[in-house]
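Here are the chains, one letter per residue:
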Amino acid sequence: MSEHEAPKAEAAPRILSGIQPTSDSFHLGNYLGALRQWVDLQDKGDAFYMVVDLHAITVLHAPKVLRKRTLVSAAQLIALGIDPSRSALFAQSQVAEHPMLSWILECQTGFGEAGRMTQFKDKSAKSDRVSVGLYTYPILQAADILLYQADYVPVGKDQKQHLELSRDLAERFNQSFGPTFTVPEPHILKSTETIKDLAEPDKKMSKSSESPKGCLYLLDDVNVMRKKIKSAVTDSEARVAYDPENKPGVSNLLNIHSSLSGVSVEKLEAEFEGKGYGDFKAAVADVVADNLGPIAQRTKEILDDKAELERILDDGAERAASAARKTLFKAYKKVGFRPPRM
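Residues numbered from 1 in each chain as written. Predicted model: local features only at pLDDT ≥ 70, side-chain atom pairs only at ≥ 80, totals over all residues. Heavy atoms only, no water.

### Thoughts on the packing of aromatic side chains
Okay, step 1: Using the criterion set out here, one finds 8 aromatic pairs in the structure.
Okay, step 2: Three or more aromatic residues joined by ring pairs make a cluster, and in this case those are F48, F90 and Y148.
Okay, step 3: The aromatic ring of Y31 is capped on one face by R36, whose charged end is 5.7 Å from the ring centroid. (Phe/Tyr/Trp six-rings, centres within 6.5 Å; stacked < 30°, edge-to-face > 60°. Lys NZ or Arg CZ within 6 Å of the ring centre and 35° of its normal.)

Now the structure itself:
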């Protein structure tokens with residue numbers, strides 16, 4: 001390089017993540033555990049975020065409900081701060097390259113290797129119908145990642161095993177057929193306390209909560225949010241203190257307040273020292289309503305313009321397919337296939 005030649009700009013890292021449209025609304029655990037951090041990450045790289053509707057059909061589903069939930073999921077992501085002009089936002093099923101690469105990777109995966117996935121064991125134990133898709137979906141997830149030559153994949157600890165499979169398959173393919181895939185690095189999402197079920201604070205907050213009062217949905221009416229907080233399980237001590245083992249309900253509410261307000265748990269303990277649970281729950285309810293209420297309102301506004309939302313997803317799918325197609329063509333050539341007709 002001559003002294004007059006400008007140095008080449010380093011390419012921004014590629015970031016890839018997805019979420020399933022398996023509920024009418026994301027919940028607070030989804031938001032604090034992952035989605036809020038997706039928004040921050042789009043400023044740090046070339047981000048691809050998808051609603052993984054292919055993964056959603058590993059269990060019985062209603063087609064009309066799935067179509068609706070896919071749009072609702074996309075609308076919530078935009079309402080949370082995902083900017084379609086900066087990040088490719090799309091529905092996974094619109095990009096045909098995903099299942100096409102998945103088949104190649106399935107043929108590189110050992111049967112025992114797939115069987116060791118702990119999430120398959122957990123999910124199959126809870127279902128009366130266990131499909132082959134439920135067994136192989138970690139390989140489709142690997143295809144999701146490798147198609148986009150992702151450098152970083154933001155995941156929670158529960159998905160780390162799946163990302164390790166993606167890394168193993170990338171390395172195996174590269175060794176067998178020549179350099180093809182970027183070996184992705186895990187971006188373990190910043191440590192936040194796991195948000196617990198409001199009715200059963202010894203369990204993780206989940207859409208499958210046994211009690212409808214246990215899960216705080218982002219699209220709940222603010223009055224419903226307040227009622228759920230005020231009826232949250234605590235204990236008989238009437239003392240606001242952080243003690244997850246002996247006071248799981250109170251500790252969970254402290255985590256919720258702190259995560260949304262930015263006030264440390266220690267300061268909250270001092271603020272509510274000597275006060276009863278009524279005052280404390282009212283304060284938590286206010287913070288929840290102030291933070292989640294605008295998300296619900298913005299989501300509704302986005303859904304009211306369905307044509308624009310579908311245009312955004314179509315545009316995101318075009319951008320995603322353009323990137324995915326290059327990788328798929330390379331993989332096809334390496335394994336000896338003729339180029340696919342796209």
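### Observations regarding unusual backbone geometry
Okay, step 1: Even without being a glycine, Q149 presents a positive backbone phi close to 50°.
Okay, step 2: With respect to the secondary-structure elements, Q149 resides in the loop between α6 (132-146) and β4 (152-155).
Okay, step 3: Looking at Q149, the relative accessible area reads 18%, which means it is buried.
Okay, step 4: In this structure, A238 takes a positive phi of about 55° despite not being glycine. (Helix = DSSP H or I, 4+ residues; strand = E, 2+ residues; numbered from the N terminus. Buried < 20%, exposed > 50% of the residue type's maximum accessible area, 1.4 Å probe, protein only.)

### Re the pattern of salt bridges
Okay, step 1: Inspection of every chain in the model, using the stated rule, returns 18 salt bridges.
Okay, step 2: The partner of D235 in a salt bridge is K247, and the shortest N-O contact between them spans 3.0 Å. Taken together, the residues span a long stretch of sequence, with D235 in the loop between α8 (222-230) and α9 (248-261) and K247 in the loop between α8 and α9 at a distance of 12 residues.
Okay, step 3: Overall, K247 belongs to the buried group, its relative accessible area being 2%.
Okay, step 4: Among the ionic pairs, E237 bridges to R239, the shortest N-O distance being 3.1 Å. (Salt bridge = Lys/Arg side-chain N within 4 Å of Asp/Glu carboxyl O.)

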